[in-house]
Amino acid sequence: MSKTVAVATLGCKVNQYESEAIEEQFDRAGYVVVDFSFAADVYVINTCTVTHLSDRKSRQMIRRAKQKNPESVLVVMGCYAQTNPEAVREIDGVDIVIGTTGRSQVVELVERFLEERSHIDLVDDLGKDCIFEPLTIDGSMQKHTRAFIKVQDGCNQFCSYCIIPYARGRIRSRSIEDAVSEAKRLAEAGFCELVLTGIHLASWGKDSGEGNLLNLLEALQAVIGISRIRLGSLEPTLCDEKFVMGVSKLSKVCHHFHLSLQSGCDETLKRMNRKYTAQAYFEAVERIRTVMPDAAFTTDVIVGFPGETDENFEASYQFVKKLQLADAHIFKYSKRNGTPAAKMPDQVPPEVKEERSNRLLALTEANRQHFAEAYIGKTVEVLFEQSVAPGVYEGKTGNYITVRMQNEENVIGHLQTVSITECKQGILYGEVCQA
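Residues numbered from 1 in each chain as written. Predicted model: local features only at pLDDT ≥ 70, side-chain atom pairs only at ≥ 80, totals over all residues. Heavy atoms only, no water.

Visitor: Mind showing me how you'd approach the overall build of the chain here?
Guide: Helix and strand counts for the chain come out as 13 helices and 19 strands. Relative to the compact-globule value of 22 Å for 435 residues, the chain shows a C-alpha radius of gyration of 22 Å, a close match. Along the three orthogonal principal directions, the C-alpha set of the chain runs to about 65 × 60 × 45 Å. Across the 435 residues in the chain, those meeting the buried criterion constitute 55%. Of the contacts made within the chain by residues no fewer than 6 positions apart, 73% connect residues no fewer than 24 positions apart. Averaging the locations of the 50 positively and 59 negatively charged side chains of the chain gives two centres separated by 3 Å. (Helix = DSSP H or I, 4+ residues; strand = E, 2+ residues; numbered from the N terminus. Rg over C-alpha atoms; globule rule 2.2 N^0.38 Å. Buried < 20%, exposed > 50% of the residue type's maximum accessible area, 1.4 Å probe, protein only. Contact = heavy atoms within 4.5 Å. Lys, Arg positive; Asp, Glu negative; His and termini not counted. Charge placed at Lys NZ, Arg CZ, Asp CG, Glu CD.)

Visitor: Can you walk me through the pattern of salt bridges in this structure?
Guide: Between side chains of opposite charge, a pair can form as their charged atoms come close. Under the defined criterion, the tally for this structure stands at 28 salt bridges. In this structure, Glu 182 engages Arg 174 in a salt bridge whose closest nitrogen and oxygen atoms are separated by 2.6 Å. Under the relative-accessibility criterion, Arg 174 is labelled buried at 1%. Put simply, Glu 193 and Arg 230 hold a salt bridge, and the shortest N to O gap is 2.7 Å. You can see Glu 193 sitting in strand 10 (residues 193-197) and its partner Arg 230 sitting in strand 11 (residues 228-231), a full 37 residues away along the chain. Several salt bridges converge on common partners, so that one network encompasses Glu 18, Arg 103, Glu 133, Lys 150, Asp 153, Arg 168 and Arg 172. (Salt bridge = Lys/Arg side-chain N within 4 Å of Asp/Glu carboxyl O.)

Visitor: Would you mind showing me how to read the sheet that holds strand 11 here?
Guide: By definition, the strands of a sheet pair up through backbone hydrogen bonds, in either a parallel or an antiparallel sense. On the basis of which strands lie adjacent, the open sheet formed by three strands has the order 7-10-11 and parallel pairing. A strand with exactly one partner marks an edge of an open sheet, and here the two such strands are strand 7 (146-150) and strand 11. Neighbour-to-neighbour, the strand axes of this sheet turn through a mean angle of 30°, independent of strand direction. In the sheet, strand 7 pairs with strand 10 via five bridges, with the strands oriented parallel. Bridging from a neighbouring strand, Ile 149 pairs with Leu 196 of strand 10. With respect to the sheet, helix 7 (residues 176-188) is in contact with strand 7 and strand 10, its orientation differing from that of strand 7 by roughly 165°. (Pairing = 2+ DSSP bridges. Axes fitted to C-alpha atoms, helices over the stretch in contact; angles between N-to-C directions.)

Visitor: Honestly, the nonpolar core in this entry has me stumped. Any pointers?
Guide: Nonpolar side chains in soluble globular proteins tend to end up buried together. Counting 64 residues, the largest nonpolar core has Leu 196, Leu 213, Leu 217 and Phe 257 as the members making the most contacts within it. The contact partners of Leu 196, leaving out residues within four places of it in the chain, are Ile 149, Val 151, Leu 201, Leu 213, Leu 216, Leu 217, Leu 220, Ile 229, Arg 230, Leu 231 and Gly 232. Core analysis: the next-biggest nonpolar cluster, separate from the first, contains 20 residues, Ala 6, Val 34, Ala 40 and Ala 65 among them. (Core = buried A, V, L, I, M, F, W, Y, C linked by side-chain atoms within 4.5 Å.)

Visitor: I'm lost on the packing of aromatic side chains in this one. Help?
Guide: Under the defined criterion, the tally for this structure stands at 10 aromatic pairs. Considering the side-chain rings of Tyr 276 and Tyr 281, the 6.3 Å spacing of their centres and the 45° angle between planes classify their relative orientation as tilted. With respect to burial, Tyr 276 and Tyr 281 carry one shared label: buried. Where Tyr 281 meets Phe 319, the ring centres are 6.1 Å apart and the plane angle is 70°; that geometry is what we call edge-to-face. In this pair, Tyr 281 sits in helix 11 (residues 278-291) while Phe 319 sits in helix 12 (residues 310-323), placing the two residues 38 residues apart along the sequence. In terms of burial, Tyr 281 and Phe 319 fall into one category: buried. (Phe/Tyr/Trp six-rings, centres within 6.5 Å; stacked < 30°, edge-to-face > 60°.)

Visitor: What should I look at first to understand the pairing of strand 17 (residues 402-406) in this one?
Guide: One face of the sheet, then the other: side chains in a regular strand alternate in exactly this way. Where strand 16 (residues 392-397) lies against strand 17, five bridges are found, and the strand directions are antiparallel. Its bridge partner being in strand 17, Glu 394 is matched across the sheet by Arg 404. With antiparallel pairing between neighbouring strands as the criterion, strand 16 and strand 17 make up a hairpin whose turn holds four residues, including Tyr 400 at a positive phi of roughly 70°.

Visitor: What exactly am I supposed to notice about the sheet that holds strand 14 (residues 327-332) here?
Guide: Across the sheet, which stays open at both edges, the three strands sit in the order 12-13-14 with parallel pairing between neighbours. Each edge of the open sheet is held by one strand with a lone partner, namely strand 12 (256-258) and strand 14. Ignoring strand direction, the axes of neighbouring strands in this sheet form an average angle of 15°. Sheet analysis places strand 12 next to strand 13 (residues 296-303), joined by three bridges and oriented parallel. Bridged to His 256 within strand 13 is Ala 296. Relative to the sheet, helix 11 contacts strand 12 and strand 13, its axis offset from that of strand 13 by approximately 165°.

Written out as structure tokens, the structure is:
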């Protein structure tokens, strides 16, 4: 009887991609991949460490797995395992610890443990040079209509609040040839949208000499069967005139740009060790809007960074308001031991963080509604991804607005032209355009 494996994923789209690649490895090795809610012979927990809450969720997931089947093989991998392997080893029942390298060996390590029944530890020193780990997917285990494709790992930025460079190591890029090969496999599997992911996507190619992100996008544009290429998070410093003009000529690249902001106050940005000013960020947005007027901008904002005064926050709030974003993720600063910000004076009290977060969340909700309302009476192309009620389907436009419509036929996985009739709470509603 085939052994079963369940994979749980915490954190970012890069982790999601890596978990899917691991599921495919087990599938090819003859394991049956089951939902994490089931009892399994092997559990793999792909952890996150971006905040204290991520750490806690990772520990909870590890303990939950062993409770489901005390006899199971328990593998803990990912960012939390990389940055705090001692804490992971101390959790009762953990059999194999893998950091953020060596994940392509996970099936082999599980098989070795089953033979030897001896704890395995594979957490490499990321201070040395690393190469891009050859994890690949063919889409056979995809749970979405959009296919993630990881093209970059690591980060050299060392923002003062961020643990990720210590968890992921230095930058390394996937080759154009390898990325295109995977894109072709995914197109053959029926996926029409690719989502490019990486820890610091803007640095693609800087280590390999293959060019820059625009060169990779130009190569992916040529893949037959792919209709959309969606970019993951970018740095505003990437968006110079050459990059923006180049992207504007690529018909498959979605007009949705997630540009990391973190703060709209220059004093705070400097303490964060970000490499741009608020004005430079604004100019990047305007540069894109000039050639792509329908572009949607989303971002991340941290509130309550050490030393953030009421005046600093107000400057950040007003800047976000000025940008007229389509959406934003708001985070309350979380102290990460080992980062410079953890030792900074003037840590902001939790209740102040909460109040600032609530103000920005309210602004974000209003911005989301305002951006979506502009499409009432227009037609948009939507890739439908799921059914949210009997006969009601939901998907995304190229610029990442959520659209719902009622339809007799199942349209999941299909691009449809939709006529928009109304907008409720930032979600568009419409009907399919008749040919």
